[in-house]
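Here is how the chains run, residue by residue.
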Amino acid sequence: MKEKEKFLPISESLRKRAEVLIENRVQFLGEAYSESDFLKLIHELEVYKLELELQYKESKSAAELENELLKLSVELNSMKSSEFSSKIDLALSHIGHFLSTDRAHIFEINEENNTISNTYEWCRPGIQAEIHNQKNIRFDAAPKLMNAMETEDYIYIPDVHSLPLEWGVEREVMASKNIRSLLAIPFRIDNKIAGVVGLDTLYKRRDFSTSEIETLKTWSNLLAGVLSNKRRESEVEKTHRNYESIFNIINDFLVVLNEKGEIVHTNAKITEKLGYTVDMLLGKTPVVLHPPERKAEVEEILQELLQGKVDTCLIPFISKLGIQIPVETRVRSGIWEGKPAFFGIIKDISQLKLSEEKFSKIFYLNPSPCGLTDLETKKIVDVNKAFSDLLGFSKEEVIGKNVLELGIMADTSRIELLQNLSTAERIVDKECVFFTKQGETKIVVLSAEVIAVQNKQYLYFVAHDITDRKLVENELYIQNQKINAILSASPDGIGIVSFDGNFKFISDHLAKMNGYSVKEKDEFLGKSVSSFIAPTDYKKLAINMKKLMEGKKLQNITEYEAIKKDGSHFTIAVNSTILNDYNGSPQNILFVERDVTELKKTEEALRKSEAQFRAVVQTIPDLIWLKDPNGVYLSCNGVFANFFGLVTEKLIGKTDYEIITREIADIFSSQDKKVIKEGKTIHYEENLPFEGQIKNFETTKAPVYDESGELMGVLGIAHDITKRKQAEKVLIENEKRLNELNASKDKFLSILGHDLKSPLATINGFSSLLQDQIAENNQKGTEFYADIIHEASQKAIDLVDDLMQWSRSQSGKMACDPEILEVDELITSVIQLLQPVASKKNINICTDYNHLALVSTDRYMVETILRNLISNAIKFSNSGGEIVIKTFQDEENLTVSVIDNGIGIAQEKLEKMFRIEESFTTPGTSNEKGTGLGLLLCKEFLTILKGEIWVESEENKGSVFHFSIHGKI
C-alpha cells in the first residue's frame, strides 16, 4: 500500500486515522468519524505534509552540499600549489551559495604577533567585501570570540543583537558591520588553533541546522589540511630558494648524481665556466665532463668514488670548447629530494698547478740554497743543488732528517727561529750560522715562510751565503760602518745627486730597481735625475729640488712615475734630505727610493677584496663582528646590528656595556679576554634574549692579527641554532615518552601473560579437584582446596585491581580528591586490616609518632600507599619480626616511614624499584607472591599528590620506605 509509505515517522494515532481514511473512503462519513474529525485530520495531515516537505528540502540540500564538498575535496587534494588561492575561493563561493549566506570567509592566526587576519573571502553580489579592512586584528580586540575559538568546536551566534553584556566588544564590532548572524568553525594545524572558517548574514537573522553545522565542520577540517599543505609548501619553497642561492654562490663545481651515477643537478659554476647548458648534462654521467680519450679511466674511477674505494679523482675537466681544466674531484653520499644521491665537489686547481710548476722551477734553479721542511714532523723533504754545494751533504743524506740530526744548526739558533715562527708565518733575512758536513762555519742570511702544497703545510727556506762578505765587512767595518749598514740592509734604492740634478752615487738596489745590473750602475753617474722621471712629473721634481736647495725640509714622501731602462714605467716613493760638508754647507741631496708599483697594485686589489669581503659578510645570515682588544666594535654585518636594534654606523665605536645589560656584557668580555689570553679559537653555545624570547646560538670567537703579528682584536661569528635546539628537545621528549610507553606495554603483557594466568590456572585446577572431593563427600579435602581457590582468586583480584589503578593513573583519568584526614586514624585502620596476615608470621606492628595535625589529601590514594608498603614489610619480614611505622611533620610536609628488620634489598635492585621497565617481583619470606605493581602504584599516586617516595635498605638488615605528602591544614 504505497500511500501508507508516505507517512514515514507520523505519530501512531495520526497514522491509524490516516489509514482508515485511505482504506474506507466511501464509508468515511459513517458512524466511525464525524465531519469535524475529518476536518481536523485533514488539517493535521496538511501540517505534516509541510513538515515532510521541509525535511525533504533540508535533506536534499544537505545531500547536495555533501556531494559538492566531496568534489571539492578531490579537487583541493589534487591541485597544484599555484592553484591554492583560486580553489579555496571557489570552495568558499560554493559553501556560501549552498548555505544561503551573505559572506563566507577564512581568518588565519599569526602567532608571531598575536593577530588574526582575513585571508580569503566570498561575498554575495551586492555585498561589500571586508577582507582588506580585517588585517592584523589584535587578539584583545575580540577577547570572548578568541577564547571561544580555543575552547569550543564551533561558534554560533543566531542574533548579534541578543549577545550578552560580556560580549559587548564583539557585539559592537559586528553590529557596526551590519552582521546579524554568525557561524564560525575553528580549525587546527599541528594541534594548534590556526584560524576559523566563518559564515555570516547581514541585516537578517539566519538559523543553521545541526546537519549544516556538521557539514561545515567537515569542510573546515578539509580546509585545515589544505592550508597546512600550503604553509608547508611555502616553507619548502623558501628553503629551496635559500639553498639554491647558497648552492650557486659556491666557487667550486658542484654536481648531484642519482644512484645510477647520472647527473640530476648542477650549480651555475659548471655552466658558466665550462659552457655547457643544464639540458646537455642532465641524465648524463660525469664522464661527459672529462676528455673523451680518458673515458674508460674516468668510468673506472667514478665507480670507485661512488663505492668509497678512493677519495679523489685528478683527471681534468674539458669545456665545451675543448679546453682542459685541472680539477680535484671528491664524492660524498647523501639525500637529494628525499632520495639517496651522491654529491660531487670539484675544485678548480689550475692556478694551483701553475703555481706549483713555477715554484718548482724557482726552487731547483735558485742559485741560493733552498729547502722544504715538513712543518709537522720538522723533517727535511727536499733541497736544491745549491744547498748540497754549500753544506756538502747530498740530497739523499738530508731528506727525512732534521737540522739537529744533521748538525747543520746549533740548537739555540733553531729554538730562536721556531719562536719567531710561532708569532709570524715568515722569517725574512735572518742571519744564522750553519755548519757544513766537514764542520766548517758558514754565515747565511735565512728567509723562511710557511707555504701550503697539496693541502699540507711546509716551511720553505732560502739561505744566502754571506760568509765571504762578512769577512770583508769585518775588515772594512771601522771605516765604512754606517754606509755599509745602510746599503746592505736597505731593500730600497739609495742615491746622491748634486744641486744641478746630476747623479753622483747610486746603490745596487737603485740600479736594479731601474732595470740595470750592478755592473751598469755607473751609467747613472753624471746623468740628470730627470732622465729617469716621466715628463708629467718634471714640475713636481723641480719644485721639490728648489725647496731642498732653499734649505726647506719636505714634509711628505713624494711619489713619482719613474722610467726603467726598457722604457717601462713604475711608481716610486722618494724621501730626500740635504747632505752638508764638514763646514755645514749644503753639498748634495741624498734620497731613498722605493718601488711601490706592486704595493699600489696590492692596495688596489686589497681595496677591491675588502669591498667584496664586506659584501659577502653582509650577505651571510649569521651574526659577524670584530672588536679591538679593548672590546670596542670595529666592524659588524647588518644581521648583527639588527639583532641589537641598531644600524651598523651607530654600533661602531661602542662597547657591549653601551648596548646590552652589564650581566651579559661581563660574559662577553670574559670570553674575549680568554680568546686573547690563549691566542686560539673557542667554540661554545650561548642563549641570548631577542624580541621577548631566548635565542640559541653556536658562537665562534678567534683572535685576529695584523701582518706584523700584532693583535688586532677578536672576530666573532654566531649562528642561530634555536630551531635545531627546539627540534632536539622535542625529539628527546618524544623518545623518552616512547620508551615509557614501550615499557608500560611490555610490563602489561608480562603481567597479563604470566602473573594473571598463574592464579587462574590454580583456580581451574583446584576447582576440578574440589568437585571430586565434593563427590567423595570429603569435607576436609573440600575445605583445603576451597582455601587454595580462595587465595588464588584473591591474588587474581588483587592483580586486576592493581592493573586497573595503575592504568588509570597512567591515562591521566585519576585526579586527587582531597579531604581532611587524621593520618594516625588512617594508619591504625590499615594496620587492623593487615593484622591477620602479620599474625600468621608472628610479626609485631607498632607505631612511633607524636600527635599528628590534620592534612588535606586524597584518602584512597594515601590508604593504598600505606597498604602496599606495610604489606611489603610483612611479606619480606622473617617470622617473629617487627615493623615500625613512624611519622614526622613540619610546616610544609608530612613524612611517613615504614621500617622492617627483614631480608632487605640488594643494592643493584634499589635503582630499579620504581621504574616500570625495570620492575620485578620477589617471593616473600614465606614464598608470598606479588603483582609487581605495588611500588609503581605508590610512585604514581605520589606523583599525582605532588609527593615523593624513596627507600633505604641493606641486604639482610631490613628496609625503610619513606613517603612525603604536602597538604597540612
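In this text, all values refer to a predicted model and were calculated from it rather than measured experimentally. (Residues numbered from 1 in each chain as written. Predicted model: local features only at pLDDT ≥ 70, side-chain atom pairs only at ≥ 80, totals over all residues. Heavy atoms only, no water.)

Comments concerning the overall build of the protein chain
Operational definition: Helix and strand assignments come from DSSP, with helices taken as H or I runs of at least 4 residues and strands as E runs of at least 2, each series counted from the N terminus. The rule is simple: take the accessible area with a 1.4 Å probe, protein chains only, and divide by the maximum for that residue type; under 20% is buried, over 50% is exposed, in between is partly exposed. Contacts between residues were defined by any pair of non-hydrogen atoms, one from each residue, lying within 4.5 Å. Accessibility throughout is a Shrake-Rupley quantity obtained with a 1.4 Å probe, and a residue counts as covered only by protein chains that appear here.
Looking only at helices and strands, one finds 29 helices and 35 strands in the protein chain. The burial tally for the protein chain puts 38% of its 969 residues in the buried class. In the protein chain, of all internal contacts separated by at least 6 residues, the share reaching a separation of at least 24 is 50%. When the accessible area of the protein chain is evaluated, it comes to approximately 57,500 Å², of which 53% is carbon and sulfur surface.

Observations regarding the sheet that holds strand S20 (residues 503-506)
Operational definition: For two strands to pair, DSSP has to find at least two bridges joining them. As a rule, the C-alpha atoms of each element are fitted with a line to give its axis, helices using only the stretch in contact, and angles between N-to-C directions run from 0 to 180 degrees.
Read from one edge of the open sheet, five strands run S20-S19-S23-S22-S21, paired in antiparallel fashion. Across the chains shown, the open sheet's two edge strands, defined by having one partner strand only, are S20 and strand S21 (558-563). When the angles between neighbouring strand axes are averaged without regard to direction, this sheet yields 35°. One ladder, built from three bridges, connects strand S19 (residues 493-497) with S20; its direction is antiparallel.

Considering the environment of histidine 464
We count it as follows: Here a polar contact is taken to be a pair of N or O atoms separated by no more than 3.5 Å, where protein atoms must pair a possible hydrogen donor with a possible acceptor and residues adjacent in sequence count only if both atoms sit in side chains.
Looking at where histidine 464 falls in the secondary structure, it is placed in strand S18 (residues 456-465). According to the relative accessible area criterion, histidine 464 is partly exposed, its value standing at 35%. Distance in space between the C-alpha atoms of histidine 464 and glutamate 431 is 9.1 Å, their sequence separation being 33 residues. Setting aside residues no more than four positions away along its own chain, histidine 464 makes contact with Ser368, Ile443, Val444 and Val445. A distance of 2.9 Å separates the side chain of histidine 464 from the side chain of serine 368, its partner in a polar contact.

Quick word on the pairing of strand S8 (residues 263-266)
Taken together, the three bridges between strand S7 (residues 253-257) and S8 define a ladder with antiparallel strand orientation. Within S8, the position partnered with valine 256 by the bridge is histidine 265. Linking S7 back to S8 in an antiparallel pair, the connection comprises five residues, with glycine 261 at a positive phi of about 85°.

Considerations on the sheet that holds S8
With antiparallel pairing, five strands are arranged side by side in an open sheet as S8-S7-S13-S12-S9. A single partner strand is all that each edge strand has here, and the edge strands are S8 and strand S9 (312-313).

Here we look at the packing of helix H27 (residues 859-875) against helix H29 (residues 934-944)
Formally: Working definition: roughly parallel below 35 degrees, roughly antiparallel above 145 degrees, roughly perpendicular at 65 to 115 degrees, and oblique for all remaining angles. In a left-handed crossing the near helix is turned counterclockwise from the far helix by less than a right angle, and in a right-handed crossing that turn is clockwise.
For the pair H27 and H29, the least separation of the axes is 9 Å and the interaxial angle reads 150°. Taken together, H27 and H29 sit at an angle that is classed as roughly antiparallel. Our pair here, H27 against H29, has a crossing hand that is left-handed. Between H27 and H29, the residues in contact are Tyr860, Met861, Thr864, Ile865, Asn868, Leu869 and Asn872 and Gly934, Leu935, Cys938, Phe941, Leu942 and Ile944, respectively.

Some points on unusual backbone geometry
The phi angle at lysine 946 is positive, at roughly 60°, despite the residue not being glycine. The topology assignment puts lysine 946 in the loop between H29 and strand S34 (948-953). You can call lysine 946 exposed: its relative accessible area is 72%. One non-glycine residue with positive phi stands out, namely asparagine 956, at about 70°. Tracing the backbone through its elements, the reader meets asparagine 956 in the loop between S34 and strand S35 (959-966). When its relative accessible area of 64% is taken as the criterion, asparagine 956 is described as exposed.

Overview of the environment of isoleucine 335
In this fold, isoleucine 335 is placed in strand S12 (residues 327-336). Along the backbone, isoleucine 335 and asparagine 258 are 77 residues apart, and their C-alpha atoms lie at a distance of 9.4 Å.

Quick notes on the nonpolar core
Definition in use: Buried residues of nine kinds, namely Ala, Val, Leu, Ile, Met, Phe, Trp, Tyr and Cys, make up a nonpolar core once their side-chain atoms join them within 4.5 Å.
Core analysis: the biggest nonpolar cluster contains 39 residues, and Leu869, Ile870 and Phe963 have the highest contact counts within it. Those elements that place two or more of their residues in this core are helix H26 (823-840), H27, strand S32 (882-889), strand S33 (893-900), H29, S34 and S35. With eight residues, the single largest contributor to this core is H27. Once residues within four sequence positions are removed from consideration, isoleucine 870 is found in contact with Val830, Ile831, Leu834, Ile845, Ile883, Ile885 and Val898. Residues Ala91, Leu99, Trp122 and Ile189 belong to the second largest nonpolar core, which totals 25 residues.

Section: empty space enclosed by the protein
Our working definition: In this analysis a 1.4 Å probe is tested at points of a 1 Å grid over the protein atoms alone, and where it fits but cannot get out there is a cavity; an open set with protein on both sides within 12 Å along at least five of seven lines is a pocket; lining residues have an atom within 4 Å of a point. Grid points are joined across faces, edges and corners, and a volume is the space filled by probe spheres set on the points. By the convention adopted, Pro, Cys, Tyr, Trp, Phe, Met, Ile, Leu, Val and Ala count as nonpolar, Lys, Arg, Asp and Glu as charged, and the other residues, Gly among them, as polar.
Summed over the entire model, instances satisfying the criterion amount to four cavities of 30 Å³ or more. Taken as a whole, the largest cavity spans an internal volume of roughly 250 Å³. Looking at the largest cavity, it is lined by 22 residues, and the ones nearest its centre are Val529, Leu541, Tyr560, Val574 and Phe591. The set of elements that each furnish at least two residues to the lining of the largest cavity consists of helix H18 (538-549), S21, strand S22 (569-580) and strand S23 (586-595). Of all the elements, H18 adds the most residues to the lining of the largest cavity, at four residues. Considering only residue class, the lining of the largest cavity consists of 17 nonpolar, four polar and one charged. As a volume, the second largest cavity reaches approximately 130 Å³. Pro286, His290, Leu302, Leu305 and Thr329 are, among the 15 residues lining the second largest cavity, the residues nearest its centre. If you list the elements that add at least two residues to the lining of the second largest cavity, you get S7, helix H10 (295-306), S12 and strand S13 (339-348).

Observations concerning the confidence of the model for the protein chain
As a general rule, the predicted coordinates of low-pLDDT regions are not to be interpreted in detail. To be explicit about the condition: Scored from 0 to 100, pLDDT records how confident the predictor is in each individual residue.
For the protein chain, mean pLDDT is 78; residues scoring 70 or higher make up 76% of the total. Highest mean pLDDT in the protein chain belongs to strand S2 (residues 115-123) (92); lowest belongs to helix H1 (residues 2-5) (38). Under a pLDDT of 50 for its full length, residues 1-10 has, in the predicted model, 17 contacts with residues more than four places off or in other chains.

Brief notes about the pattern of salt bridges
For clarity, the threshold we go by: The salt bridge criterion pairs a side-chain nitrogen of Lys or Arg with a carboxyl oxygen of Asp or Glu, the two atoms within 4 Å.
Inspection of the entire model under this criterion finds 31 salt bridges. In this structure, the salt-bridge partner of aspartate 492 is arginine 594, at a minimum N-O distance of 2.5 Å. Separated by 102 residues along the polypeptide, aspartate 492 in the loop between helix H16 (467-489) and S19 and arginine 594 in strand S23 bring together distant segments of the chain. Judged by its relative accessible area of 9%, aspartate 492 is buried. What makes arginine 594 partly exposed here is its relative accessible area of 43%. The salt bridge partner of lysine 725 is glutamate 685, with a shortest N-O separation of 2.7 Å. One end of the pair, lysine 725, is in helix H23 (residues 722-755); the other, glutamate 685, is in strand S26 (residues 682-690), with 40 residues separating them in the sequence. Exposure remark for lysine 725: the relative accessible area of 26% places this residue in the partly exposed category. Taken together, the shared-partner salt bridges in this structure form one network comprising Lys627, Asp656, Asp672 and Lys701.

A closer look at H27
Heads up, the rule is: Take the number of residues in a helix, subtract one, and multiply by 1.5 Å to get its expected span.
Counted at 1.5 Å a residue, the expected span for H27 with its 17 residues is 24 Å, and the 24 Å between its end C-alpha atoms agrees. Those residues of H27 lying buried are Met861, Val862, Thr864, Ile865, Leu866, Asn868, Leu869, Ile870, Ala873, Ile874 and Lys875. For H27, the capping residue at the N-terminal end is aspartate 858, with a side-chain oxygen 3.0 Å from the backbone nitrogen of tyrosine 860.

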